[in-house]
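A look at the structure
These are the residues of each chain, in order.
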Amino acid sequence: MANYFWMIPFFPALSVVLFLLFGRLMSKKYVSFQACFSVLLSFVFSLFAFIHLLSLPSSSLPLVKKLFTWILSGNFQANFSLQLDPLSSVMTLVVTGVGFLIHVYSVGYMAEDRSYTRYFTQLNLFTFAMLILVMASNIVLMFVGWEGVGLCSYLLIGFWFEKHSAANAGKKAFIVNRIGDAAFLLGIFLIFSHLGSGEFTVINQALSQHQLALPLATLIAILLFVGATGKSAQIPLYVWLPDAMEGPTPVSALIHAATMVTAGVYMVARLNHLYSFTPSAAQIVAIVGAITAVFAGTIALTQNDIKRVLAYSTISQIGYMFMGCGVGAYAAGMFHLVTHAFFKSLLFLAAGSVMHALSGELNMQKMGGLKKYLPQTYPTFLIGAIAISGIPFFSGFFSKDAILTSAYAQGNYLVWTLGIFGAVLTAFYMFRLIFLTFHGPERMDEEVKKHIHESPPVMTIPLVILAILSIVGGYIGLPAVVGKEANWFFKFLTPVISHHEEVHLSLSTEWLLILASTVVALTGIFIAYVLYLKKPSLPHQMVARFPRAYRLLVNKYYVDEAYNYIFVQPTIKGSELVYQHFDLKVIDGAVNGTATSAGFLGKIISYLHTGLIKDYALAILLGAIILLGYLLL
Amino acid sequence: MIPINLIFIFGLVLFSIGLIAFFVKRDLITMFMAVELMLNAANLIFIGFAQAFASLEGQIIVFFVITVAAAEAAIGLAIVMLIFRQKKTVKTEDLNLMKG
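Every value quoted in this text rests on a predicted model; they were computed, and no experiment measured them.

Let us now look at the packing of aromatic side chains. All names here are of chain A. Under the definition given, this model contains 34 aromatic pairs over all chains. Measuring from ring centre to ring centre gives 4.5 Å for F295 and Y557, while their planes differ by 20°; the resulting arrangement is stacked. With F295 in helix α13 (residues 279–302) and Y557 in the loop between α24 (547–554) and α25 (559–606), this residue pair connects regions lying 262 residues apart in the sequence. Residue class for F295 comes out buried when judged on its relative accessible area of 18%. Residue classification places Y557 among the partly exposed residues on the basis of a relative accessible area of 26%. Measuring from ring centre to ring centre gives 5.7 Å for Y563 and F567, while their planes differ by 70°; the resulting arrangement is edge-to-face. In this pair, Y563 and F567 both sit in helix α25, four residues apart, roughly one turn of the helix. By relative accessible area, Y563 is classed as partly exposed at 22%. Grouped by ring-pair contacts, the aromatic residues Y116, Y119, F120, F159 and W160 constitute a single cluster. Over the aromatic face of Y116 sits the side chain of K28, whose NZ or CZ is 5.0 Å from the ring centroid.

A few words on the packing of helix α2 (residues 28–54) of chain A against helix α3 (residues 86–109) of chain A. All names here are of chain A. The interhelical angle for the contact between α2 and α3, taken along N-to-C directions, is 155°, at an axis separation of 9 Å. In terms of axis orientation, α2 runs roughly antiparallel to α3. Between α2 and α3 lies a crossing whose hand is left-handed. Across the interface between the two elements, S32, A35, C36, V39, L40, S42, F43, S46, L47, F50 and L53 from α2 touch P86, S89, T92, L93, T96, G97, G99, F100, H103, V104 and V107 from α3. Its residues assigned to classes, the contact of α2 with α3 shows 13 nonpolar, nine polar and no charged.

Take a nonpolar patch on the surface next. All names here are of chain A. A grouping of F393, V464, I468, V472 and Y475 is seen on the molecular surface, where their side chains present a nonpolar patch of about 470 Å² in accessible area. Relative to the elements of secondary structure, V464 occurs in helix α20 (residues 457–472). Looking at V464, the relative accessible area reads 39%, which means it is partly exposed.

Analysis parameters
- Residues numbered from 1 in each chain as written.
- Chains lettered and ligands numbered in written order.
- Predicted model: local features only at pLDDT ≥ 70, side-chain atom pairs only at ≥ 80, totals over all residues.
- Heavy atoms only, no water.
- Phe/Tyr/Trp six-rings, centres within 6.5 Å; stacked < 30°, edge-to-face > 60°.
- Helix = DSSP H or I, 4+ residues; strand = E, 2+ residues; numbered from the N terminus.
- Buried < 20%, exposed > 50% of the residue type's maximum accessible area, 1.4 Å probe, protein only.
- Lys NZ or Arg CZ within 6 Å of the ring centre and 35° of its normal.
- Axes fitted to C-alpha atoms, helices over the stretch in contact; angles between N-to-C directions.
- Parallel < 35°, antiparallel > 145°, perpendicular 65-115°, else oblique.
- Left-handed = near helix turned anticlockwise from the far one by under 90°.
- Contact = heavy atoms within 4.5 Å.
- Nonpolar A, V, L, I, M, F, W, Y, C, P; charged D, E, K, R; others polar.
- Patch = residues over 30% accessible without salt bridge, like charges linked within 9 Å, V, L, I, M, F, W, Y side chains within 5 Å.
- Areas by Shrake-Rupley, 256 points an atom, 1.4 Å probe, with all protein chains shown as cover.
- Salt bridge = Lys/Arg side-chain N within 4 Å of Asp/Glu carboxyl O.

Here is the structure:
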């Protein structure tokens, strides 16, 4: 059965085809069943593939299944081939596993929606595209999945397209992603023009044989990373992700937290040989990740929209993943990707449950005291928040610690400091969210309060499963202090991660680092506790005290405004100018010009037509004479 | 037996009269007559050469020409009639609708 691993992406694809052909005839019940079941099948196949993989010697990796030759032109060949190795196996498990839970949750969340079938069609299509992305054995096919998930992201952000803001958010996501994708494509072209193949095995081989010059490899790595900043919402292309929260909450959980936005991290990990080969590009990855982690964390401090806090938190956490990849700890980055997929989708789904209970309310200032109304959502949300904050024995702690320890071990103290600072922010904004939402006085409108209800089991059961995963997910990658071979996850990924000389820290340093990250997490929680539960007047005093800093944060550093001023407006104005002067004058001028000149020529020639029979007859006579003369002479 | 020269010269004279009449006259009816004259001049020359060379082709062509001339006269006169009904004139200088 494991040899059928290539079938993993095609169950959701088949489901999409069936929805498109017969969707109108299907009952809601059947739609839910088919959508969830197709992803479940993929998950089962991924599981079998994973088990098969465990028993394989690393020399036989990766397993590649070529389905057909996709493009063949000259010496350029791209195959439609899927591969299985530890990295893609981890990703397929996350995508189908978390994806399945979110599909199930959606059954409850979207139950009242008019476009129920459309929603599940797009969600299945997304799963298919994401699986193609993570299983592609060459970068061209990967790009197909890359664009496919981008398309589904666009469709699902704008799912409620009759809402103006949702349609605009979809457009923004699409356009910002295209900017990154342009760079990504250039990177692919460079790889192709110099290696003649996009197969990952070929790329890795070429790098190990130094077939690529270092400046060129660096350029490729940076271009690909720019693509990743678009897809994974890093500085400077992160602006679309907060707006993407206009989509349905399960979509935010699946696409904009657990899977699609981590595609950039996966890409860097997949091409880890390239990034290990180019230290300066890797340094850029690490720095951008670290800065994003702190930058987005500070914005999350002041946001009042529950989903936007989570969105900025996602940006920040992906920053951590890039931080890990940038310092060479690809396995740690992937580890954080996995645990993040668990706890962040948990947080989003729990936030969705809160919104569900409050008739769609998003503003945290209008929540509070929900603890007693939502007995199932509250503990799961709390577990998610603890996990992301990095409290020991929860998954986020292990993965974040792995990243920070690697950064420290590599001597990248700047990145490490930023990471530690980000950890305080993470703990603070998560518990600010918890305290504002579930504790304290009830600030809901009376009307809303009457309708508060816990979500149905179809929504809470996925929450519970994800909460369990958020706790135990970390134990696949225990830190070195537990034992040398304790980190099963790192060992599992070893065949696909390039080997570099690992700096081993002494046990006492490791303990100190763990202590440090624990202390900062607890500090963050404590500050949130003081500010939002103990002395709720303090935040207002602080706002009054530092109005400028507060305004800067509330307005998200004015980045959207700056982009609007620097890029959007000039583009619109430039387009207007080009339209006025080039389109109207040159292009339309050329088109109209051909018509006018033809008319003008016709006008001149038409003077020969006098309309008098005599003249025509004369012309015939002259013609006859000339012809005769020509024949005779 | 009339010599071929005479027939040829006679045909040429007849054709020239027709041609000149066509260009000189202004009303369509007369111009039509001029055209008929030219056609028949051609016929005459065909007949003359057919006789001179003792071949049938010339005579056959004459039959064709007569047929065509008859059809042309029928349609042409009908057109002239219609033009007259519409325009109350058959003078060519008044008929310049096709002027560019």
